[in-house]
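Observations on the model geometry
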Amino acid sequence: MSKSAEAAPPRLGVLLAGMGAISTTLIAGVEATRQGLARPFGALTQLAMIAPPGQPKQRVPLAEYLNLTGLEDLAFGGWDINPGNGYDMAVAAGVLEPLLLAAVRPALEKIEPMPGIHDPQYLRRTEGRRVKAETNKYEQAEALRADIRRFKQQHQVDQAVVMWCGSTEVFLPAGPAHQSQRIFEAAMKENEPTIAPSMIYAWAALQEGCGFVNATPTLTVDMPVMIELAKQQGCPVSGKDLKTGQTLLKTILAPGIKQRMLGLAGWFSTNILGNGDGATLDDPAAFRSKEESKLSALNHILQPELYPELYGKLSHQVKINYYPPRGDNKESWDNIDIVGWLGYPMQIKINFLCRDSILAAPLLLDLALLSAAAQRAGESGVLDWLGFYFKSPQTRQGQPEHDLAVQHQNLQQAFHRLAPRLAPVAAKA
Ligand SMILES: NC(=O)c1ccc[n+]([C@@H]2O[C@H](COP(=O)([O-])OP(=O)(O)OC[C@H]3O[C@@H](n4cnc5c(N)ncnc54)[C@H](O)[C@@H]3O)[C@@H](O)[C@H]2O)c1
């Protein structure tokens, strides 16, 4: 069968709840790539090649193998609680150079975020100046559902993915209100305080049959109600907290130290960043969400319960300091105290001068395209194989895998499982 005879992938709507630095860097980057001005480094869906099963010497582009929607067929939209169009927000984010921004300005200016929903209880340092009139949580959810339907109609998309990219909310674990659809719906009507705005976006998205991606550390879809609803609606969910800078390096390095059976006495990580995310995380309650997701990785990789003499006394500390002069150009330092033969101590120092949103944007692109493809292939509920992209991967059950190499294998296995249901490429080759 020729490629033209195959079913073309559908146009895809990507709705971003929170249109700050990571969201606008994604949209601007997709537009710059469409115009041939830049290359989408960091995105597997745009660059990776894969060997179809039984053909180890052949390589096909991953996008073709999974019949992924092309960049020209993506329609972006979203919500924000602060004013400005996509261009204004990209300028305010301060991530991209003026020359590149000028080239993509017309496309960004067309994106006018819809009014969002805000609750200062969950985001204590941000004032909402573009918020919906509804004050009841159930009515807010219904208004978001209407937004999704209108967006799909206006942009003529049958399928849409909603991505939670808003500021980190305060830490909130699942409680009685999050146990079932019936209870959650009644609780929204009662304006139950343990229902955060991000959960209302998630509930609305799933009700409208959209996949949901949680790019932030909050526990938005790690709730029984969301899993139940996702399965019922045939929607995938994934999260949480994009694995970008320091944790990415940690999950590459720590497995190697462990494979060599070297000990670890301490791992001290500190960061300075001056973007909106940094300002939000200056609030200890919001940092608690981040800390939970940042600390978990090492413990899972090192298995101190199995190797107590190597890792039982590890002192692992993570700090983030808001430091405005750096903007989005985060700098991180890691001091790693390792222990070698006969207990002799050694140190590794890492100084990573990264760009937060430049690392995050390609992950968002991959997550949007892969979640949509998985949904078309009939997968719903938690997509744990997307753990490769997250600091604190959501799982169907049990503990998450953190080792980047193992996560990559899991991803490849999922690609092979999905491919026959998505693209005849694998079958025809
Ligand atoms: N930058 C990274 O590398 C990275 C990595 C992992 C996770 N994250 C997470 O992604 C999220 C966004 O990061 P960012 O750097 O773009 O932050 P940002 O501060 O630049 O943008 C957040 C945007 O969300 C909006 N917002 C807040 N609450 C909202 C609500 N209820 N509804 C709609 N909009 C809302 C804000 O007005 C702002 O425009 C943060 O939670 C952050 O922790 C970022």
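Residues numbered from 1 in each chain as written. Predicted model: local features only at pLDDT ≥ 70, side-chain atom pairs only at ≥ 80, totals over all residues.

Observations regarding the site of the ligand
Around the ligand sit 35 residues in total, of which Gly 18, Gly 20, Gly 116, Thr 216 and Gly 276 are the nearest. Within the residue set of the shell around the ligand, elements represented by two or more residues are helix H1 (21–34), strand E4 (74–80), helix H11 (276–281) and helix H14 (356–376). Of the residues that constitute the shell around the ligand, the class distribution is 16 nonpolar, 15 polar and four charged. Here the shell around the ligand gathers at least three residues from each of two domains, domain 1 (3–242 + 358–428) and domain 2 (246–353). (Near = placed C-beta within 6 Å. Helix = DSSP H or I, 4+ residues; strand = E, 2+ residues; numbered from the N terminus. Nonpolar A, V, L, I, M, F, W, Y, C, P; charged D, E, K, R; others polar. Domains from an automatic or database assignment.)

A few points about the environment of Pro 393
With respect to the secondary-structure elements, Pro 393 resides in the loop between strand E13 (381–382) and helix H15 (404–422). For Pro 393, a count of 28 C-beta atoms within 10 Å translates into the label buried. Considered as a pair, Pro 393 and Gln 55 are 338 residues apart in the sequence and their alpha carbons are 31 Å apart. (Buried ≥ 20, exposed ≤ 12 C-beta atoms within 10 Å, placed from the backbone.)

A closer look at the pairing of E4
Here E4 lies mainly inside the structure; six of its seven residues are buried. As paired elements, strand E1 (residues 12–17) and E4 share six bridges and run parallel to each other. Bridge pairing links Gly 13 to Ala 75 in E4. Judged from the two bridges that link them, E4 and strand E5 (residues 114–115) form a sheet pairing that is parallel. What sits directly across from Trp 79, in E5, is Met 114. (Pairing = 2+ DSSP bridges.)

Observations concerning the packing of H1 against helix H5 (residues 98–109)
At their nearest, the axes of H1 and H5 sit 9 Å apart, and the two run at 100 degrees to each other. Taken as axis vectors, H1 and H5 run roughly perpendicular relative to one another. Where H1 approaches H5, its residues Ile 27, Ala 28, Glu 31 and Ala 32 are matched on the opposing element by Leu 100, Leu 101, Ala 103, Val 104, Ala 107 and Leu 108. Each residue belonging to the contact of H1 with H5 can be placed in one class, and the counts come to nine nonpolar, no polar and one charged. (Axes fitted to C-alpha atoms, helices over the stretch in contact; angles between N-to-C directions. Parallel < 35°, antiparallel > 145°, perpendicular 65-115°, else oblique. Contact = placed C-beta atoms within 7 Å.)

Some words on the domain arrangement of the chain
According to the domain assignment, the chain consists of domain 1 (3–242 + 358–428) and domain 2 (246–353). The centre of domain 1, based on its C-alpha atoms, is set 27 Å off from the matching centre of domain 2. Taken together, the residues that form the side of domain 1 that touches domain 2 break down as nine nonpolar, eight polar and seven charged.

Looking at the nonpolar core
Core analysis: the largest hydrophobic core is formed by 98 residues, its most contacted members being Met 163 and Leu 364. Setting aside anything within four residues of it in sequence, one finds Leu 364 in contact with Ile 22, Leu 26, Met 163 and Ala 215. Counting residues in hydrophobic clusters, the runner-up holds ten residues, among them Leu 264, Ala 297, Ile 301 and Leu 310. (Core = buried A, V, L, I, M, F, W, Y, C linked by C-beta atoms within 7 Å.)

Comments concerning helix H9 (residues 224–233)
In an α-helix, one turn spans 3.6 residues; hence positions three or four apart end up facing the same way. Three or more residues of H9 are buried, namely Val 225, Met 226, Leu 229 and Ala 230. Take H9 and look down its axis: the buried residues cluster within an arc of 125 degrees, on one side only. Against the buried residues of H9 lie helix H7 (181–189), helix H8 (197–207), strand E8 (236–239) and E13. Gly 234, located one to two residues past H9, shows a positive phi value of around 70 degrees. (Arc of directions from axis to C-beta.)

Brief notes about the sheet that holds strand E11 (residues 331–339)
Spatially, four strands are ordered E10-E9-E11-E12 in an open sheet, and the strand pairing comes out mixed. Each edge of the open sheet carries a strand with a single partner, namely strand E10 (315–322) and strand E12 (345–353). In this sheet, adjacent strand axes meet at a mean angle of 10 degrees when their direction is disregarded. Examined bridge by bridge, strand E9 (residues 263–273) and E11 share nine bridges and lie antiparallel to one another. Each bridged residue has a counterpart across the sheet, and for Gly 263 the counterpart in E11 is Val 339.

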